[in-house]
Amino acid sequence: NKIKTAFFYKTGTLTQNNLELFRHNLNAKDFQMLALIESSSSHPIAKAIFKASKIKAQILKGSSEIFIGKGVKYIEENEEYLLGNLKFMQESGVKNLEKADEFLQSLKEEALICVYFAKNGECLGVLTLKNTLKEGAKELIEDFKKQKIQ
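Anyway, here's the lowdown on the structure attached to this text. Not measured: the values here are computed from a predicted model.

The rules behind these values
Residues numbered from 1 in each chain as written. Predicted model: local features only at pLDDT ≥ 70, side-chain atom pairs only at ≥ 80, totals over all residues. Heavy atoms only, no water. Axes fitted to C-alpha atoms, helices over the stretch in contact; angles between N-to-C directions. Helix = DSSP H or I, 4+ residues; strand = E, 2+ residues; numbered from the N terminus. Parallel < 35°, antiparallel > 145°, perpendicular 65-115°, else oblique. Left-handed = near helix turned anticlockwise from the far one by under 90°. Contact = heavy atoms within 4.5 Å. Nonpolar A, V, L, I, M, F, W, Y, C, P; charged D, E, K, R; others polar. Buried < 20%, exposed > 50% of the residue type's maximum accessible area, 1.4 Å probe, protein only.

1. Description of the packing of helix α1 (residues 28–38) against helix α2 (residues 44–53)
When two helices pack together, their arrangement is captured by the angle between the axes and the distance separating the axes.
Thought 1: Following both chains from N to C, one finds α1 and α2 inclined at 130°, their axes separated by 8 Å at the closest point. Taken as axis vectors, α1 and α2 run oblique relative to one another. Where α1 crosses over α2, the two elements pack in a sense that is left-handed. Residues F31, L34, A35 and E38 of α1 lie in contact with α2, whose contacting residues are A46, I49, F50, A52 and S53.
Thought 2: Here the residues of the contact of α1 with α2 sort into seven nonpolar, one polar and one charged.

Here is the structure:
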């Protein structure tokens, strides 16, 4: 076998592209704020978060800045919110990421998408989303492992 490594590009290659909220450790108020910030986005992660919140879309008073592949910064009434991946939080100097990391330790076997949420430089928590695998995807990966393809 000459193949050593296989790469799969983009969500939807092995998954059904049907993201759903899995678990989070945010309080109700913080989760609602996160969902409101995401309500104006067309990104699949944002749509899944907003759908799970079951709240109505509202016009936000603040301003958003998108950091492609990382997250979003939202500022309203001198409050700065960040939502995105771990790298974005680290680059932004967010403190208390341990709270989120402890929560994620119990979920490490789940292969989840993680969205961290911070306010004024302090991590408020993290939420996770799960995507359903396409039929046959699990068997394909198991077959690759048997053939020692990474």
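2. Side note on unusual backbone geometry
Thought 1: Even without glycine at this site, E77 takes up a positive phi of about 50°.
Thought 2: Among the structural elements, E77 can be located in the loop between β3 (71–76) and β4 (79–84).
Thought 3: Phi at N96 takes a positive value of approximately 65°, unusual for a residue other than glycine.
Thought 4: Relative to the helices and strands, N96 is located in the loop between α3 (86–91) and α4 (98–105).
Thought 5: Exposure remark for N96: the relative accessible area of 40% places this residue in the partly exposed category.

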